[in-house]
Amino acid sequence: MTRPIGYITNPLVRHSAERDPEALANAAKDPMSALVLLAGDHPILQAGEPGTGLLPISALGRLPSHKEQVFLGTLQDRPVIATLASPETAELFQDDPAYTVTDLRSIAVRGLVPAEELGILAMAKSMLDWHNRHRFCANCGAPTEAAQAGFRRDCAACGAQHFPRTDPVVIMLVTRGDKCLMGRQPRFPEKMYSCLAGFLEPGETIEDAVRRETFEEAGVRVGGIRYMASQPWPFPSNIMIGCHAEAISEEINFDREELEDARWFTKDEVRQMLEGTHEHFAAPSPIAIANHLIREWMKG
Ligand SMILES: [Zn+2]
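J.: I keep staring at the overall build of the protein and nothing clicks. Help me out?
T.: The helix and strand tally for the protein stands at seven helices and 15 strands. Computed over its C-alpha atoms, the radius of gyration of the protein comes to 21 Å, within 12% of the 19 Å expected for a compact globule of 300 residues. The principal-axis extents of the C-alpha atoms in the protein amount to approximately 60 × 50 × 30 Å. A buried classification covers 49% of the 300 residues belonging to the protein. By element, 49% of the accessible surface of the protein is carried by carbon and sulfur atoms, the whole surface being about 14,800 Å². Averaging the positions of the 30 positive and the 41 negative side-chain charges in the protein gives two centres separated by 2 Å.

J.: Mind showing me how you'd approach the coordination of the zinc ion here?
T.: For a metal with four donors in a tetrahedral arrangement, the ideal angle between donors is 109.5 degrees, while six donors in an octahedron ideally sit at 90 or 180 degrees. Donor atoms from the polypeptide that bind the zinc ion are Cys-137 (SG), Cys-140 (SG), Cys-155 (SG) and Cys-158 (SG), placed at 2.3 to 2.4 Å. Classification of the site at the zinc ion as tetrahedral follows from its four donor atoms and the range of 100 to 115 degrees in their angles at the metal. Expressed as a motif, the donor residue spacing for the zinc ion is C-x2-C-x14-C-x2-C. One end of the pair, Cys-137, is in the loop between helix H4 (115–133) and strand S7 (144–147); the other, Cys-155, is in strand S8 (residues 152–155), and 18 residues separate them in sequence. In this structure Cys-137 comes out as buried when scored by relative accessible area, which is 5%. Assessed through its relative accessible area of 4%, Cys-155 is described here as buried.

J.: What's the story with the packing of aromatic side chains in this structure? I'm lost.
T.: The way to describe two aromatic rings as a pair is by their centre distance and the angle between their planes. Counted according to the given criterion, the structure contains seven aromatic pairs. Relative to Phe-235, the ring of Tyr-7 has its centre 5.9 Å away and its plane inclined at 70 degrees; by these criteria the two rings are edge-to-face. You can see Tyr-7 sitting in the segment before helix H1 (21–29) and its partner Phe-235 sitting in the loop between strand S13 (222–233) and strand S14 (238–247), a full 228 residues away along the chain. For Tyr-7, a relative accessible area of 1% gives the class buried. For the pair Phe-93 and Tyr-99, a centre-to-centre distance of 4.9 Å together with 80 degrees between the ring planes defines the contact as edge-to-face. For the pair Phe-93 and Tyr-99, a shared accessibility class is recorded, and that class is buried. Chaining the aromatic ring pairs together yields one cluster made of Tyr-7, Trp-233 and Phe-235. Taking the ring centre of Phe-151 as reference, the NZ or CZ of Arg-19 above it sits at 3.4 Å. Its end group placed over the ring of Phe-254, Arg-256 keeps NZ or CZ at 4.2 Å from the ring centre.

J.: Which parts of the structure should I look at to understand the packing of helix H6 (residues 267–275) against helix H7 (residues 289–299)?
T.: Helix-helix packing: each pair is described by the crossing angle between the helix axes and the interaxial distance. Between H6 and H7, the least distance of the axes is 11 Å, while the angle of their chain directions is 135 degrees. Relative to H7, H6 is oriented oblique. Crossing hand, H6 versus H7: left-handed. Along the contact surface, H6 presents Lys-267, Val-270, Arg-271 and Leu-274, while H7 presents Asn-291, Ile-294, Arg-295, Trp-297 and Met-298. Its residues placed into classes, the contact of H6 with H7 shows five nonpolar, one polar and three charged.

Criteria and cut-off values
- Each chain has its residues counted from 1, following the order in which its sequence is written.
- For a predicted model such as this one, the threshold for reporting local features is a pLDDT of at least 70, and the threshold for listing and counting side-chain atom pairs is 80 or more; totals across whole chains, interfaces and linings nevertheless cover every residue.
- Water and hydrogen atoms were dropped before computing side-chain values, which therefore reflect all heavy atoms in the structure.
- Secondary structure elements are defined from DSSP: runs of H or I of at least 4 residues count as helices, runs of E of at least 2 residues count as strands, and each element is numbered from the N terminus.
- We compute the radius of gyration over the C-alpha atoms and compare it with the globule rule, which gives 2.2 Å times the number of residues raised to the power 0.38.
- Buried means the residue's accessible area, taken with a 1.4 Å probe over protein chains only, is under 20% of the maximum for its type, while exposed means over 50%, and partly exposed covers the values in between.
- All accessible areas in this document rest on Shrake-Rupley with a 1.4 Å probe, and a residue is counted as covered only by the protein chains that are shown.
- When charges are tallied, Lys and Arg are placed among the positive residues and Asp and Glu among the negative ones, while His and the ends of the chain are skipped.
- Note that the charge is assigned to NZ on lysines, CZ on arginines, CG on aspartates and CD on glutamates.
- Water is absent from the atoms considered, so a metal site may look incomplete; donors are defined as N, O and S atoms within 2.8 Å of the metal, or 3.2 Å for Na, K and Ca.
- A site with four donors is called tetrahedral when every donor-metal-donor angle falls between 85 and 135 degrees; four donors are called square planar, and six octahedral, when opposite donors sit more than 155 degrees apart and all other angles fall between 65 and 115; any other arrangement is irregular.
- A pair of Phe, Tyr and Trp rings is counted when the ring centres sit within 6.5 Å of each other, with Trp represented by its six-membered ring. The angle between the planes then sorts it: under 30 degrees is stacked, over 60 is edge-to-face, the rest tilted.
- The rule for a charge over a ring is simple: NZ of Lys or CZ of Arg within 6 Å of the ring centre, and within 35 degrees of the ring normal.
- All axes here are fitted lines through C-alpha atoms, helices being fitted over the stretch that makes contact, and every angle between N-to-C directions spans 0 to 180 degrees.
- Each angle is binned into one of four classes, with values under 35 degrees roughly parallel, values over 145 roughly antiparallel, values of 65 to 115 roughly perpendicular, and all other values oblique.
- Note on convention: the crossing is left-handed when the near helix lies turned anticlockwise from the far helix by less than a right angle, right-handed when the turn is clockwise.
- The contact criterion used throughout is that any non-hydrogen atoms of two residues lie within 4.5 Å.
- Just so you know the grouping, Ala, Val, Leu, Ile, Met, Phe, Trp, Tyr, Cys and Pro go in nonpolar, Asp, Glu, Lys and Arg go in charged, and all remaining residues, Gly too, go in polar.

So this is what it looks like as C-alpha cells:
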C-alpha cells in the first residue's frame, strides 16, 4: 500500500475567526484539552502502537515553565493547544518509557503517530518555530508579544502586527517522453535522487519558478507545467508545490554548487528505484511529495 504524503492530513477545525485572548485561556483551563508539546523543535509523544502527539493537558504540570502557546483549533470539539518548552525539557521525558522524544521527520518516516496527527504536529512546529524566531519587531526592533491566540505578534512600540509566515517552494518532476529528470544533492541519503526544487521568489508565478529553477539547476528548458498537489513541510515552514513539467530540451548542464549529479532516468530504472531493488539509485522517501510525483508519472 502507498503511504499518504506526510503532513498533508490535518483534521483540526481552525476557528480562525474566533482567535481572541479568551480562546487560548479557555482552552488552557479545559481539562479535556489536548496538548502538543515541543521541547525546542522535538515533539514529545506518548509511546504506543501507534503513539500519539496529543497529550493530556495535565502533562503541562510536569514542566517547570514553558514559552509561547497557540490555540490550534478543535478536534471533535476537543481544544488543541501547542506549547513551546526549552530544548532541555526533553530530558524530563526521554528516560520515561511512556514517552518518545524525536524529530518530526523521524516521526513521519517511522509512522510513530497516526497519519492524521502529522498535519497537526507540522502546524504546531511551524507556529512555535515562528514565535521562537520572531521575538522582536522587524519594523522597529522592540520586543513583540503573542496575540490572537498565538496567530499574531504585536509590537506595542510602533503598533505593527506580524503574522506567521509560510514559504512556498516549487518541486517538479521534469519529464520527456518516458524519461524523467532527477538530481542528487550532497546531503541526500546514499543513492537517493529526487525531483528538482527551489524557493518561489517575490513577483514570480509558480510556472516561472518551475522553469527558472529547472534551468538554473539542470540547464534543461521546460514548456508545459501541471500542478499536482501541495505538502506542508515544517522544516521550518515551507509549502511544497508539486508539479509535473514537460522538458523541451534534453541536454543536462547541472549546477555543481547545488547538485552532485543530475540525470535522466527511464521508467524501468524508476520502477526499480521505487521498489528499492536498483543497484545504484534510490527514490525519495514515501513521506515526501517527490515520491508521489514520481508514482503519478509512472501510472501514465
Ligand atoms: Zn515595532
